[in-house]
Structures are given as C-alpha cells and as structure tokens.
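Residue-level listing of the chains:
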Amino acid sequence: MQVDLFDTGASPDTRPAWQLVEAARRRYLTGRLELETNPPTNVYLRDGQVYFAERTTDGGLGVRLLVEGVVTREQMQRSILQVSGVEHLGRMFDRDGSIDREAVELCVELMTDDVLIHVADEEVQKWRMKMYQRHPSGLDRWLPTRVEVITHLVDSIAAADPDAEPTPAPAPRHRPQLAPPPVTGEMRMPAPPPTLTVPVVVPVPAPAMVVTPTLTSGSLKDEVAEAVRQALASIEV
C-alpha cells in the first residue's frame, strides 16, 4: 500500500530516510515502513512510535539476543513459541520470569537506534508503507497498550487560532436573596416577667415588763400610793 506521507498528491521525490520516518511518526501510523536503502531497511511503528528497525540482512531477533548475551539458550528455549514456523517472542517475559527484561528491551532499543542512525541521511527514492503489519517476532506486544498523546497548552484563544473570536466568559451565577416571610395575624407582645412578692418582716418590740415592787414597809407604801395618785391625776387633767 502506497501511503502519501506528505500530502503532495504526486509521485514521491527522493528524500532522506529520516524525513520519511518522521512523516510516518507525525501521522501516528501503525505498520511497516519499507525503505529502499542499501541494504533495504524496515521500520516498524505502532501509533507513530518506532519500536524496531532492522536491515533485511540482519538475523532473527532471537539469535541476535543470544549473541548479545542478554538471554541464555535455556531461557530462549523456554520463552519461544513456534507459530507457523516463526519463532514468536511476544510472550517471552510471561513464559520465563528469570529473563532480565530491562536488559532485553535496552538491547532492542540500541539495535533500533543503530539502524536509524545509519540510514538517516541516505537518499531514498522509493518507499512503501504496509499498514498494520507487525514484526514477525511479536516484540510489539512488549509495549504498553496505552498511547501517550502530547498536547500543547496556549495562554489565550488568539494564540491557538488567530482567526478565532474570543467567547465571553459566562456571567457568574448569584444565588437569589430570600425575602423574609410576611408577618400575618395578631402580634402579641411578650408577657412581662412575673413579679416576685417578698414579704417584709417588721420586728415588733416585746411588751415592756411592769415590775411591781414589793412593799415592805408602811412608809414606802404611802409613798407609792401617793405617786400613783399623782400620776392618775395628771392623766385625767
């Protein structure tokens, strides 16, 4: 399948290999990009991410990992699945937990970088994009299933699109003030507090005691009798 990577609508011109790889990345393509370099190069992408690149003269991935020493022969035998005569490594880390995953993935990244650097400036006249074709070893299954999408934040709408008209911000919503309920019916004044009656106790003097002297002699009796008569006479007057 011939995919127009540059929207030219005409036959492709000779371009350096790096421009073709970047064009496929910017379009988030998934498949195999075949570049007619010397020797031919295959670049594998998933959602615009280059996960492997190799020359057609390179050996199988399993053999290359053995040569690099990141896996042993016993580990390779336990991790390989034979699918239609092809050594499939997509379940490598699930089938053998003793394999150092970081070392294997780093080795594959270095292999990919070496190929891309070697062909970056090589002029390519013909290329072909085979959509959704995976690497036969299944190593794309090592990648996470999520796709990272990078967005650019702008400070204003004008910076994002010069022709766009700014949309006024919606007015803030104010909660309506609730009026106090009307007063209906008869208004009653609050009752005054009850009056406390405190009894006042007035002390009443005790009656004077009248001491009647005991008469012991006649003269004293006469004097007393005379005093009483005088007192009565003064009262009558």
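Not measured: the values here are computed from a predicted model.

**Q** Any chance you could break down the pairing of strand β3 (residues 41-46) for me, citing the residues and the numbers?
**A** Burial within β3 is extensive, with 6 of its 6 residues counted as buried. The alternating pattern of β3 places Thr41, Val43 and Leu45 and Asn42, Tyr44 and Arg46 on opposite faces, both of which are buried. With 5 bridges connecting them, strand β2 (residues 31-35) and β3 associate as antiparallel partners. Bridge assignment links Arg32 to a residue of β3, and that residue is Tyr44. Counting the residues between successive antiparallel strands, the hairpin from β2 to β3 contains 5 residues. When β3 meets strand β4 (residues 49-55), the two strands line up antiparallel, connected through 6 bridges. Residue Leu45 lies in a different strand from β4, and its bridge partner there is Val50. Here β3 folds back onto β4, and the loop between the two strands holds 2 residues, one of which, Asp47, carries a positive phi near 55 degrees.

**Q** Provide a residue-level description of the packing of aromatic side chains, including the pertinent values.
**A** Under the defined criterion, the tally for this structure stands at 3 aromatic pairs. With a centroid separation of 6.2 Å and an interplanar angle of 40 degrees, the aromatic rings of Tyr44 and Tyr51 are classed as tilted. Taken as a pair, Tyr44 and Tyr51 share a single burial class, namely buried. Lying across the ring of Phe6, Arg15 places its NZ or CZ 3.7 Å from the centre.

**Q** Give a detailed account of the sheet that holds β4, specifying residues and quantitative values.
**A** Spatially, the 4 strands line up as an open sheet ordered β4-β3-β2-β8, and their pairing is antiparallel. Every other strand in the sheet has two partners, leaving β4 and β8 (127-131) as the edge strands with one partner each. Ignoring which end each strand starts from, the neighbouring axes of this sheet average 20 degrees apart. Contacting β2, β3, β4 and β8, helix α1 (residues 17-26) crosses the sheet at an angle of about 165 degrees to β2.

**Q** Run through the pattern of salt bridges, naming residues and quoting values.
**A** As a working rule, side chains carrying opposite charge can pair if their charged atoms are close by. Going through the model one piece at a time under the given rule, you end up with 9 salt bridges. Salt-bridge contacts for Arg78 lead to Asp96; the nearest nitrogen and oxygen are separated by 2.9 Å. Pair noted here: Arg78 is in helix α3 (residues 73-79) and Asp96 is in the loop between α4 (92-95) and α5 (101-119), with a separation of 18 residues, a long-range link. Since its relative accessible area comes to 42%, Arg78 is described here as partly exposed. Members of the salt-bridge network, linked through shared partners, are Arg32, Glu34, Arg128 and Lys130.

**Q** Can you explain α5? Please cite residues and give values.
**A** With 19 residues, α5 should reach 27 Å at 1.5 Å per residue; the first-to-last C-alpha distance of 28 Å fits that figure. Taken together, the buried positions of α5 are occupied by Val104, Cys107, Val108, Met111, Thr112, Val115 and Val119. For α5, the arc enclosing every buried residue in end-on projection is 130 degrees, short of the 170-degree limit, so these residues lie on one face. In α5, the exposed positions angled more than 90 degrees off the buried face are occupied by Glu102, Leu110 and Ile117. Each element contacted by the buried residues of α5 is listed here: α1, β3, β4, α2 (61-68) and α4. One side-chain oxygen at the N-terminal end of α5 lies 3.3 Å from the backbone nitrogen of Glu102; it belongs to Asp100.

Parameters at a glance
Residues numbered from 1 in each chain as written. Predicted model: local features only at pLDDT ≥ 70, side-chain atom pairs only at ≥ 80, totals over all residues. Heavy atoms only, no water. Buried < 20%, exposed > 50% of the residue type's maximum accessible area, 1.4 Å probe, protein only. Helix = DSSP H or I, 4+ residues; strand = E, 2+ residues; numbered from the N terminus. Pairing = 2+ DSSP bridges. Phe/Tyr/Trp six-rings, centres within 6.5 Å; stacked < 30°, edge-to-face > 60°. Lys NZ or Arg CZ within 6 Å of the ring centre and 35° of its normal. Axes fitted to C-alpha atoms, helices over the stretch in contact; angles between N-to-C directions. Contact = heavy atoms within 4.5 Å. Salt bridge = Lys/Arg side-chain N within 4 Å of Asp/Glu carboxyl O. Expected span 1.5 Å × (residues − 1). Arc of directions from axis to C-beta. Polar contact = N/O pair within 3.5 Å; in protein donor to acceptor, adjacent residues only side chain to side chain.

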